[in-house]
Amino acid sequence: MTSTHTDCHFCLQSLRGRKYALREENAYCVPCYDSLYANPCEECKQPIECSSKDLAYKGRHWHEGCFRCAKCSRSLVEKPFAAKDEVLLCTECYSDEYSSKCFHCQKTIMPGSRKMEFKGSSWHESCFVCQYCRQPLGTKPLITRDNENYCVPCFENLFAHHCYACKKVITSGGVTYHDQPWHKECFVCAVCKTQLSRQRFISKDEYPYCVDCFSKCHAKKCAACEKPITALGGAKYISFEERQWHGECFNCAKCSMSLVGQEFLTRQDDILCHKCGSA
């Protein structure tokens, strides 16, 4: 058996004075090597002979002269390129065909550059900034208003409502009272501090009160039953000489007949119907 690199490993022809190629420590004459191992070119479909430069990308091979942009035919050798549906394109052609446009400046976002995605749109990283302070938003929390993005501190300073009670920003929900915004948890009875956002309340001197506290602190007392007169639910009350009565309590002290809308007489602290007062 002849020694290594003396004869072609496949056809056994002598390699003396001839070019040969090595594969796995075996020597082959050029014709045998090309027929056995040369990769077909993706572009021209011809074998890439061992005397030619073989350019490979993701398991596919090209002649150096065939490694070109599929659209403009410029060489991609030692240049950046992109692939779309197994077609190679230079970065310029890829951008024209497939790259996103920046929502802010409407210019192409070039392949390889950082792209920010938000609500289905794309931005250059340098364009994705707070509309007011112009600081990059990156992955920070943000708020959108009228298609413009704001960092949270700028949005709060420019647009957010501040609670009338605690003066802090109301980020969601809230209650409006006397044309002023309140946190739900801050909208409480002025006396007992019970939250009022989901119950009936009465206002006095710009402050809200629950019904019980208002009745205890501010409501007038009925001259008959001495219970508070709150007028909630549309209840009627009678006022006479600095005294007040519930409508249902405004009755004759003797016969208990209702005096609402009737003539009546007074005797000391009593009110009497005309008949009882004349007796």
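Residues numbered from 1 in each chain as written. Predicted model: local features only at pLDDT ≥ 70, side-chain atom pairs only at ≥ 80, totals over all residues. Heavy atoms only, no water.

In the annotation of an unreviewed UniProt entry, the chain is listed under the name Four and a half LIM domains protein 5 and assigned to Anthoscopus minutus. Per its UniProt entry, the chain bears the Subunit (unreviewed entry) comment "Interacts with CREM (via the third LIM domain). Interacts (via second LIM domain) with SPAG8." (UniProt positions renumbered as here; feature names shortened; annotations may be inferred.)

Chemist: Please clarify how the pattern of salt bridges should be interpreted in this entry.
Modeler: Enumeration over the complete set of coordinates arrives at 5 salt bridges. Two residues, Glu92 and Arg74, come together in a salt bridge whose shortest N-O distance is 3.7 Å. Placement of the pair is Glu92 in helix 2 (residues 91-97) and Arg74 in the loop between strand 4 (60-63) and strand 5 (81-84), with a sequence separation of 18 residues. With relative accessibility at 40%, the residue Glu92 sits in the partly exposed group. (Salt bridge = Lys/Arg side-chain N within 4 Å of Asp/Glu carboxyl O. Helix = DSSP H or I, 4+ residues; strand = E, 2+ residues; numbered from the N terminus. Buried < 20%, exposed > 50% of the residue type's maximum accessible area, 1.4 Å probe, protein only.)

Chemist: How do you make sense of the domain arrangement of the chain when you look at a structure like this?
Modeler: Size of an interface, as often reported, equals the accessible area lost when the parts are brought together. Partitioning the chain into structural domains gives domain 1 (38-96) and domain 2 (231-278). Taking only C-alpha atoms, the centre of domain 1 and the centre of domain 2 are 105 Å apart. (Domains from an automatic or database assignment.)

Chemist: Explain helix 1 (residues 30-37) here, please?
Modeler: Note: α-helices contain 3.6 residues per turn, so residues at a spacing of three or four share the same orientation. Cys32, Tyr33 and Asp34 are the residues of helix 1 that are buried. Packed against the buried residues of helix 1 are strand 1 (20-23) and strand 2 (26-29). (Contact = heavy atoms within 4.5 Å.)

Chemist: Just checking my understanding: could you explain the UniProt feature "domain: LIM zinc-binding" (unreviewed entry) in the chain for this structure?
Modeler: Taking the numbering used here, the UniProt-annotated feature "domain: LIM zinc-binding" (unreviewed entry) corresponds to residues 39-99, 100-161 and 220-279. Segment residues 39-99 splits into 11% helix and 26% strand. End C-alpha atoms: 32 Å apart.

Chemist: Quick question: what am I supposed to make of unusual backbone geometry here?
Modeler: The general pattern is negative phi for most residues beyond glycine and trans for most peptide bonds. In this model, Asp85 sits at a positive phi of 55 degrees, which is unusual for a non-glycine residue. In this structure, Arg134 is a non-glycine residue whose phi angle is positive, near 65 degrees. With respect to the secondary-structure elements, Arg134 resides in the loop between strand 8 (121-124) and strand 9 (142-145). Here Arg134 falls in the partly exposed class, since its relative accessible area comes to 42%.

Chemist: What should I look at first to understand the environment of Asp34 in this one?
Modeler: With respect to the element layout, Asp34 can be found in helix 1. Separated by 23 residues in the primary sequence, Asp34 and Tyr57 have C-alpha atoms spaced 20 Å apart.

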